[in-house]
Amino acid sequence: MDFTLPREVRLVRRSVREFAEETVAPLVERMEERDEFPAELVRAMGEIGVLGLITPPEHGGSNLGHLARMVAVEEVSRVSAAAGISLQVHHMATAALSDFGSDAQKQKYLPPLCRGDWLGTCAITEPTGGSDLLGMASTARPVADGYVLNGRKCFITNCHLSDAVVTVAKTGEGPKGISAFVVEKGTPGFSAGRHEHKLGLRGADTGELVFRDCRVPRENLLGNEGEGMAVALRTIGEVGRPGMAGTSLGILQACYDESVRFAKERTLYGRPIAQLQAIQWSVAEIFAELQASRWLCYHAAWLKDSGADCGVETTLAKMYTSEAAVKAAQKAIEIHGACGTMMEYAVQRLFRDAMVCVSAGGTTEIGKLVVARAALA
Ligand SMILES: Cc1cc2nc3c(=O)[nH]c(=O)nc-3n(C[C@H](O)[C@H](O)[C@H](O)COP(=O)(O)OP(=O)(O)OC[C@H]3O[C@@H](n4cnc5c(N)ncnc54)[C@H](O)[C@@H]3O)c2cc1C
């Protein structure tokens, strides 16, 4: 067993870390204050190739794979988890198009999505509940030249800025009565609604998408009619959940970095608090969670790259890492004492960001259901 990351993945880590520190870090304060996603980041991410990491070269990507993508999401999220979730949800759109799109759809949508000319999203969740996919209320009524969409999607990342939206709606009853579509910004009857203001991940654009008698041409059906459940499950399970695992992993790494830095700098009783055993134990606990999470995440991504079934492992990675990030952020705040609760210290943001990652991409309870089903099969 070789645990060394492949050379190209290490190169991705190096270039994305540099990008995150030089380009993303200066935007964090503005994102926190205004709770707006900086549109210029889309083009910048396109320029360093991070938007096309899981898209084949013939459609404008590098196809470096899911392990490279995991590391890239981790590195961006280490600096800004809000930028990390935006990147990972964009990948959900490119993955759905790569996996289920027609040649014409791939040629039309993937190159601008990889270049950063366009931003993408994947809109599944509805007010009737994200966990209950079949409970969705949105409909797609077949008409002569396509479909008429009606309904509402909520909590959607990249909501107001997306140019191409992968979405699902009912074309019939039951699991085979759901179909997937790609809808372009500007399509009559399609609009972005309310902008949500969240506890954490401030600066990630989250909101509502509304379809009101929205006519979508037949060529925008993604996959076959009735295949929407497969599109949603595969995209959430194999791309969205590991993406949120990577986002949480970046937060965990930042908790560790901030805790070590503070423990070495803060002096009490004439010496750094790093020399207090209680602080050492807290740092060790954060490190243990970081290492356990990292290998769950990398293993899940590696499985996906190797073509094996990975739904249980991606879910486990998401469930474990998002919970571990919350615990690590709490410990990090405690290590900082009162400073940890002050807005100028990053750990309070890390805690808020970690809390939001627990439900995004599927809650812990749904994660446990997936893992338990496999364990008890
Ligand atoms: C920041 C953020 C970004 C997001 N981005 C997107 C996006 O881009 N696209 C998108 O489609 N969605 C997105 N979502 C939505 C996200 O996927 C959902 O929030 C998630 O699936 C949970 O759905 P819900 O919030 O409606 O909770 P609900 O489904 O209403 O669940 C409520 C509670 O019931 C529990 N529960 C539900 N079912 C069961 C069960 N069977 N057994 C035990 N407990 C259960 C849940 O665990 C939870 O505790 C985002 C969410 C957030 C917070």
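Here, every reference points to the structure presented above.
This write-up is about the structure you can find in this document. Since this is a predicted model, take the numbers as computed values, not measurements.

Some details on the site of the ligand
Right, on to step 1. The local shell around the ligand holds 22 residues, among which Thr-125, Gly-130, Ser-131, Thr-363 and Glu-365 are the closest.
Right, on to step 2. One of the side-chain nitrogen or oxygen atoms of Thr-157 is found 2.8 Å away from a nitrogen atom of the ligand.
Right, on to step 3. One of the backbone N or O atoms of Gly-361 is found 3.4 Å from an oxygen atom in the ligand.
Right, on to step 4. If the ligand stood free it would expose 970 Å²; the protein chains cover 66% of that surface.
Right, on to step 5. A majority-of-atoms criterion places the ligand in the largest pocket.
Right, on to step 6. Counting residues per element, the ones that place at least two in the shell around the ligand are α5 (81-100), β1 (120-123), β3 (146-157), α10 (346-359) and α11 (364-375).
Right, on to step 7. Along the lines of polarity and charge, the residues of the shell around the ligand split into 11 nonpolar, nine polar and two charged.
Right, on to step 8. A domain-level breakdown of the shell around the ligand finds at least three residues from each of domain 2 (122-229) and domain 3 (236-375).

Quick notes on a nonpolar patch on the surface
Right, on to step 1. Together, Met-1, Phe-3 and Trp-295 make up a nonpolar patch on the protein surface, roughly 430 Å² of accessible area in all.
Right, on to step 2. By the secondary structure assignment, Phe-3 is in the segment before α1 (7-24).

Quick look at the layout of surface pockets
Right, on to step 1. The computed volume of the largest pocket comes to approximately 1100 Å³.
Right, on to step 2. As for the largest pocket, its lining consists of 39 residues, and the residues nearest its centre are Thr-125, Gly-130, Ile-236, Gly-361 and Gly-362.
Right, on to step 3. For the lining of the largest pocket, the elements supplying multiple residues, two or more each, are α5, β3, α7 (228-265), α9 (311-335), α10 and α11.
Right, on to step 4. Residue contributions to the lining of the largest pocket peak at nine residues, all from α7.
Right, on to step 5. When its residues are assigned to classes, the lining of the largest pocket shows 20 nonpolar, 14 polar and five charged.
Right, on to step 6. Size it by volume and the second largest pocket reaches roughly 330 Å³.
Right, on to step 7. Forming the boundary of the second largest pocket are Met-1, Asp-2, Phe-3, Thr-4, Leu-5, Pro-6, Leu-67, Trp-295, Tyr-298, His-299, Trp-302 and Asp-305.
Right, on to step 8. The class makeup of the residues in the lining of the second largest pocket is eight nonpolar, two polar and two charged.

Points about the pattern of salt bridges
Right, on to step 1. Within the structure shown, the criterion is met by 25 salt bridges.
Right, on to step 2. The residue Asp-35 makes a salt bridge to Arg-202 at a minimum N-O spacing of 3.7 Å. Of the two residues, Asp-35 is situated in the loop between α2 (28-34) and α3 (40-47) and Arg-202 in the loop between β6 (190-195) and β7 (206-217); the sequence distance between them amounts to 167 residues.
Right, on to step 3. Overall, Arg-202 belongs to the partly exposed group, its relative accessible area being 21%.
Right, on to step 4. The salt bridge partner of Asp-353 is Arg-349, with a shortest N-O separation of 4.0 Å. Here Arg-349 and Asp-353 lie together in helix α10, a separation of four residues that amounts to about one turn. Of the two residues, Asp-353 and Arg-349, neither departs from the other in class, the shared state being buried.
Right, on to step 5. One continuous salt-bridge network, built from bridges that share partners, spans Arg-13, Arg-17, Glu-21, Glu-74, Glu-75, Arg-78, Asp-257 and Arg-294.

Comments concerning unusual backbone geometry
Right, on to step 1. Positive phi, normally seen in glycine, also occurs at Asp-35, with a value near 55°.
Right, on to step 2. Of the residues examined, Asp-35 reaches a relative accessible area of 1% and is grouped as buried.
Right, on to step 3. With a phi close to 45°, Asp-213 is a non-glycine residue in the positive phi region.

Observations regarding the nonpolar core
Right, on to step 1. Ranked by internal contacts, the top residues of the largest apolar core, which has 94 residues, are Leu-97, Leu-222, Ile-251 and Tyr-298.
Right, on to step 2. Per-element tally for this core: the top contributor is α7, with 14 residues.
Right, on to step 3. If near-sequence neighbours (up to four positions away) are discounted, Leu-97 is found in contact with Lys-106, Tyr-109, Leu-110, Leu-113, Val-166, Val-182 and Leu-222.
Right, on to step 4. By size, the runner-up hydrophobic cluster in this structure holds 16 residues, among which are Phe-181, Val-183, Cys-214 and Leu-221.

Quick look at the side chain of Ser-138
Right, on to step 1. In this fold, Ser-138 is placed in the loop between β1 and β2 (139-143).
Right, on to step 2. Within polar-contact distance, the side chain of Ser-138 engages the side chain of Glu-126 at 2.7 Å.
Right, on to step 3. A polar side-chain atom of Ser-138 sits 3.4 Å from the main-chain amide nitrogen of Arg-152.
Right, on to step 4. For Ser-138, the contacting residues outside a window of four places in its chain are Glu-126, Asn-150, Gly-151, Arg-152, Lys-153, Val-168, Ala-169 and Lys-170.

A look at the packing of aromatic side chains
Right, on to step 1. Evaluation of the coordinates by the stated rule reveals seven aromatic pairs.
Right, on to step 2. The interplanar angle of 80° and the centroid separation of 6.2 Å between the aromatic rings of Phe-262 and Tyr-345 together place this pair among those described as edge-to-face. Placement of Phe-262 in helix α7 and of Tyr-345 in the loop between α9 and α10 is noted, with a sequence separation of 83 residues between them.
Right, on to step 3. One aromatic cluster is present, built from ring pairs that chain together Phe-3, Trp-295 and Tyr-298.

Calculation rules
Residues numbered from 1 in each chain as written. Predicted model: local features only at pLDDT ≥ 70, side-chain atom pairs only at ≥ 80, totals over all residues. Heavy atoms only, no water. Near = heavy atom within 4 Å. Polar contact = N/O pair within 3.5 Å; in protein donor to acceptor, adjacent residues only side chain to side chain. Areas by Shrake-Rupley, 256 points an atom, 1.4 Å probe, with all protein chains shown as cover. 1 Å grid on protein atoms, 1.4 Å probe; cavity = no way out; pocket = protein on both sides within 12 Å on 5 of 7 lines; lining within 4 Å. Sits in = over half its atoms within 2 Å of the grid points. Helix = DSSP H or I, 4+ residues; strand = E, 2+ residues; numbered from the N terminus. Nonpolar A, V, L, I, M, F, W, Y, C, P; charged D, E, K, R; others polar. Domains from an automatic or database assignment. Patch = residues over 30% accessible without salt bridge, like charges linked within 9 Å, V, L, I, M, F, W, Y side chains within 5 Å. Salt bridge = Lys/Arg side-chain N within 4 Å of Asp/Glu carboxyl O. Points joined across faces, edges and corners; volume = space filled by probe spheres on them. Buried < 20%, exposed > 50% of the residue type's maximum accessible area, 1.4 Å probe, protein only. Core = buried A, V, L, I, M, F, W, Y, C linked by side-chain atoms within 4.5 Å. Contact = heavy atoms within 4.5 Å. Phe/Tyr/Trp six-rings, centres within 6.5 Å; stacked < 30°, edge-to-face > 60°.

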